[in-house]
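Spelled out, the chains give:
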Amino acid sequence: MKARTVLWPVAPVILLGAVFAGSTGIAIDDIVRGLFGGSDPAAQAAWRTVVEFRIPVILQAFCVGGLLSVSGAALQAVLQNPLAEPYILGTSSGAAFGFSLAGAAGLAPFFWPRTLLSFVCALAASALVIASGWRRGRGLSPLALILGGVVISAFLSAATIAVQSLLTPFEFRNTIGLLLGGFRVLPAEELFLTLVPALMAGLILMLRAPVLDILSTGIPAARSVGLAAGRELAGVVLLVTLITALTVPLAGIIGFVGLVAPHLMRLGGRTRHARLLPAAFTAGGLMTVAADALARQASSLGQLPAGAVTAMLGAPVFIVLLRRYGGFHDRM
């Protein structure tokens, strides 16, 4: 069955499952009684758990996963590399390093300084990876791009740990999650200042769908039709960097969502970006919600981060897709 026929029936199952996932079980009848104003403690507790904790986390996970998926699809188009996404290209690691630097400098409580530092470091990481993959006269080398991303990402992850070792035990515990990925209830003001600009950047990427169609055919082909390919590539990288810089301080590094979700939608027949990007947003959001629900359900056994779940699920799925549909990706 194609991905496009599976996505919508699966969506309510994942979302409802996420509502009930957690170390503390809640009964459906308690939720229903709480919804209709039941005054007994069980109903009130269940309703508060759903409304004040689980639904905000589900919405946050859906938005973050969707934005990472759109970012991955856009990078794959402009870099003409089916393996490109913020996690593999080191953008997420750069944002995490910048946020950790802000914490070490005492700027973690201040939204704009820490976001700016995350953005600068994420942009620097992206620039280094693209520079490492550029070959004079041949453009970007897909293999060199991925190898450069892996090396720079590993270096920045190690540097982030080194910076975090300078923090107090309490600050270290709060920031170590950046390397693991996860979701929690956050103040409304912080969510507004992060998710709203990130969603606007994601919307801009979606509106640039026709340009992404042209860029996916190659830089020379794009220039032959009068498109300022270099400027468009830089614009997409800046938007992806902004999205990453805003979402990493919220949820940490959520890997492989931006890699797997767009390819699943392509295999479902969505190749033009006007259809691919909205579908990838939905698929990436659902994938992240499912990963977070699994992490919360397993929390009784220990603190399993959502980022670890996405990596464990995403890596083998992508390997299977790459082996089965390798010819499809080669023709992208």
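Above this text you will find the structure in question.
What counts, and at which threshold
Residues numbered from 1 in each chain as written. Predicted model: local features only at pLDDT ≥ 70, side-chain atom pairs only at ≥ 80, totals over all residues. Heavy atoms only, no water. Helix = DSSP H or I, 4+ residues; strand = E, 2+ residues; numbered from the N terminus. Buried < 20%, exposed > 50% of the residue type's maximum accessible area, 1.4 Å probe, protein only. Contact = heavy atoms within 4.5 Å. Areas by Shrake-Rupley, 256 points an atom, 1.4 Å probe, with all protein chains shown as cover. Axes fitted to C-alpha atoms, helices over the stretch in contact; angles between N-to-C directions. Parallel < 35°, antiparallel > 145°, perpendicular 65-115°, else oblique. Phe/Tyr/Trp six-rings, centres within 6.5 Å; stacked < 30°, edge-to-face > 60°. Salt bridge = Lys/Arg side-chain N within 4 Å of Asp/Glu carboxyl O. Core = buried A, V, L, I, M, F, W, Y, C linked by side-chain atoms within 4.5 Å. Left-handed = near helix turned anticlockwise from the far one by under 90°. Nonpolar A, V, L, I, M, F, W, Y, C, P; charged D, E, K, R; others polar.

Asks: Which residues make up the overall build of the protein chain, and what values do they have?
Replies: When helices and strands are counted, the protein chain shows 15 helices and two strands. A buried classification covers 49% of the 332 residues belonging to the protein chain. Residue pairs in contact within the protein chain that sit at least 24 positions apart in sequence constitute 75% of those at least 6 positions apart. Surface summary for the protein chain: the accessible area is close to 15500 Å², and the carbon and sulfur share equals 71%.

Asks: Now, about the packing of helix 2 (residues 28-35) against helix 3 (residues 41-78): what can you tell me, with residues and values included?
Replies: One can describe the packing of helix 2 onto helix 3 by two numbers: an axis separation of 7 Å at closest approach and a directional angle of 90 degrees. Between helix 2 and helix 3, the interaxial angle falls into the category roughly perpendicular. Side by side, helix 2 and helix 3 meet where Asp-30, Ile-31, Arg-33, Gly-34 and Leu-35 of the first sit next to Ala-42, Ala-43, Ala-46, Trp-47 and Val-50 of the second.

Asks: Give a detailed account of unusual backbone geometry, specifying residues and quantitative values.
Replies: A positive phi angle, near 75 degrees, is found at Phe-256, a position not held by glycine. Structurally, Phe-256 can be placed in the loop between helix 11 (229-251) and helix 12 (257-267). Overall, Phe-256 belongs to the buried group, its relative accessible area being 16%.

Asks: Describe the packing of aromatic side chains, naming the residues involved and giving the relevant values.
Replies: Under the defined criterion, the tally for this structure stands at two aromatic pairs. Look at Phe-62 and Phe-281: their rings are 5.7 Å apart centre to centre, the planes differ by 80 degrees, and that puts the pair in the edge-to-face class. With a gap of 219 residues between them, Phe-62 in helix 3 and Phe-281 in helix 13 (residues 273-297) connect regions that are remote in the sequence. Relative to Phe-256, the ring of Tyr-87 lies with its centre 5.5 Å away and its plane at 50 degrees, an arrangement referred to as tilted. Remark: Phe-256 occurs in the loop between helix 11 and helix 12 and Tyr-87 occurs in the loop between helix 3 and helix 4 (91-104); sequence separation between them is 169 residues.

Asks: Summarise the pattern of salt bridges; cite the residues concerned and give the values.
Replies: Per the stated rule, a full pass over the model turns up five salt bridges. With its nearest N and O atoms 2.7 Å apart, the salt bridge here joins Glu-232 to Arg-208. In this pair, Glu-232 sits in helix 11 while Arg-208 sits in the loop between helix 8 (188-207) and helix 9 (209-215), placing the two residues 24 residues apart along the sequence. With a relative accessible area of 31%, Arg-208 lands in the partly exposed category. A salt bridge links Asp-292 to Arg-296, with the nearest nitrogen and oxygen atoms 2.9 Å apart. With Asp-292 and Arg-296 both in helix 13 and four residues apart, this pair spans about one turn of that helix. For Asp-292, a relative accessible area of 3% translates into the label buried. You can call Arg-296 buried: its relative accessible area is 17%.

Asks: Before we move on, could you go through the nonpolar core and cite the residues and values that matter?
Replies: Judged by nonpolar contacts, the single largest core of 50 residues is most densely connected at Leu-79, Leu-89, Leu-205 and Leu-215. Looking at which element gives the most residues to this core, the answer is helix 11, with eight residues. Not counting residues up to four positions away in its chain, the partners in contact with Leu-205 are Val-70, Ser-71, Ala-74, Leu-212, Val-236, Leu-239, Val-240, Ile-243 and Leu-277. Within the second largest apolar cluster, 28 residues are counted, among which are Ile-26, Leu-186, Ile-254 and Ala-293.

Asks: Quick one: what's the story with the packing of helix 8 against helix 11, residue by residue and with numbers?
Replies: Between two packed helices, what matters for the description is the angle formed by their axes and the separation of those axes. Following both chains from N to C, one finds helix 8 and helix 11 inclined at 155 degrees, their axes separated by 9 Å at the closest point. As the angle between them shows, helix 8 and helix 11 are arranged roughly antiparallel. In terms of crossing hand, the pair formed by helix 8 and helix 11 is left-handed. Of the residues in helix 11, those touching helix 8 at Glu-190, Leu-191, Leu-193, Thr-194, Leu-195, Pro-197, Ala-198, Ala-201, Gly-202, Ile-204 and Leu-205 are Val-236, Leu-239, Val-240, Leu-242, Ile-243, Leu-246, Thr-247 and Leu-250. Residues of the contact of helix 8 with helix 11, tallied by class, amount to 15 nonpolar, three polar and one charged.

Asks: Go over the environment of Leu-246, please, and point to the residues and values.
Replies: Among the structural elements, Leu-246 can be located in helix 11. Sequence separation between Leu-246 and Ala-198 is 48 residues, and the spatial gap between their C-alpha atoms is 6.4 Å. Not counting the four nearest positions on each side in its chain, Leu-246 is found in contact with Phe-111, Thr-115, Leu-193, Thr-194, Pro-197 and Ala-198.

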